[in-house]
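Residue-level structural notes
So you can see what is in the structure, the chains are spelled out below.
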Amino acid sequence: MSEENASKFFENYFDSDLQEYIYDILYYHQKNSQKYNDLIHEQDIYKSSSEAVRQVLERFIPQKLSEEECKNVIKFIENNNLMMIEECKASYRQGVIDGMNRKKMLSDE
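First things first, this report covers the structure right here in the doc. Once a new chain begins, its residue numbering starts again from 1 and follows that chain's sequence as written. Totals for whole chains, interfaces and linings use every residue, but because this is a predicted model, local features are given only for residues with pLDDT of at least 70 and side-chain atom pairs only at 80 or more, for both listing and counting. The side-chain figures draw on all heavy atoms in the structure; neither hydrogens nor water molecules are used.

Along its 14 residues, helix 2 (residues 34–47) runs 20 Å from first to last C-alpha, staying within 8% of the 20 Å computed at 1.5 Å per residue. The cut-offs for exposure are 20% and 50% of the maximum accessible area for each residue type, with area from a 1.4 Å probe on protein chains only; residues under the lower value are buried, those over the upper are exposed, and the others partly exposed. Secondary structure is summarised from DSSP: a helix means a run of H or I of at least four residues, a strand means a run of E of at least two, and numbering begins at the N terminus for each. Those residues of helix 2 that sit buried are Tyr36, Leu39, Gln43 and Tyr46. Down the axis of helix 2, the sector holding all buried residues measures 80°, keeping them to one side. Multiply 1.5 Å by the residue count of a helix minus one, and that product is the helix's expected span. It is the directions from the helix axis to the C-beta atoms whose arc is reported.

Structural data, given as structure tokens:
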């Protein structure tokens, strides 16, 4: 196996493991964080406020929006940013915990 192929193999292997690891963290976070669930619920409210808003947010189809609909799109985007911050915090927190546990396991051996 050439060095380039080996590099691609390991990148793909670790990328899929990392994706699964992050998915598990976010799944757990969604089940256990009321704040995160509230943000998800708010997303649904903003998205379902009108068909035009849903078309813009889900399908990126340009629409003529009222002032209220524009406010809902802005709230959706702001809310989405808050969700990403919560996801980053959960991932970082779990990564630190797992890193500390691994370090403890290695030092015990």
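All right, on to the nonpolar core then. Counting five residues, the largest nonpolar core is built from Tyr46, Val53, Leu57, Val73 and Phe76. When contributions to this core are tallied by element, the ones reaching two or more residues are helix 3 (51–59) and helix 4 (67–108). When residues no more than four places from it in sequence are discounted, the contact partners of Leu57 are Lys47, Val73 and Phe76. As used in this record, nonpolar core signifies buried Ala, Val, Leu, Ile, Met, Phe, Trp, Tyr and Cys residues forming a set joined through side-chain atoms within 4.5 Å. By definition in these notes, contact holds between two residues if any of their heavy atoms fall within 4.5 Å.

Moving on, we come to unusual backbone geometry. Phi is positive for Phe60, which is not a glycine, with a value near 55°. Following the sequence through the fold, Phe60 ends up in the loop between helix 3 and helix 4.

On to a nonpolar patch on the surface, then. A surface patch of nonpolar side chains, about 340 Å² in accessible area, is lined by Tyr92, Val96 and Met100. Of the residues examined, Tyr92 reaches a relative accessible area of 62% and is grouped as exposed. A residue counts toward a patch only above 30% relative accessible area and without a salt bridge, and it is joined to like-charged neighbours within 9 Å or, for Val, Leu, Ile, Met, Phe, Trp and Tyr, to nonpolar neighbours within 5 Å. Here, Shrake-Rupley sampling with a 1.4 Å probe gives the accessible areas, and only protein chains in the shown set may cover a residue. The term salt bridge refers to a side-chain nitrogen of Lys or Arg lying within 4 Å of a carboxyl oxygen of Asp or Glu.

In this structure, Tyr28 sits in helix 1 (residues 3–32). For the pair Tyr28 and Ala90, spaced 62 residues apart in the sequence, the C-alpha separation amounts to 9.4 Å.

The next thing to look at is the pattern of salt bridges. Opposite charge on two side chains lets them pair, provided their charged atoms get close. If you walk through the whole model with that rule in mind, you get six salt bridges. The partner of Lys71 in a salt bridge is Glu67, with the nearest N and O atoms 3.6 Å apart. Note that Lys71 and Glu67 are positioned in helix 4 at a spacing of four residues, about one turn of the helix. Of the residues examined, Lys71 reaches a relative accessible area of 40% and is grouped as partly exposed. Residue Glu86 is joined to Lys89 by a salt bridge in which the shortest nitrogen-to-oxygen separation is 3.9 Å. Highlighted residues: Glu86 and Lys89, both in helix 4, separated by three residues, approximately one helical turn. For Lys89, a relative accessible area of 42% corresponds to the partly exposed category. Residues joined by salt bridges that share partners form a network here, namely Lys47, Glu51, Arg54 and Glu58.

No statement about biological role is implied by the geometric values presented.
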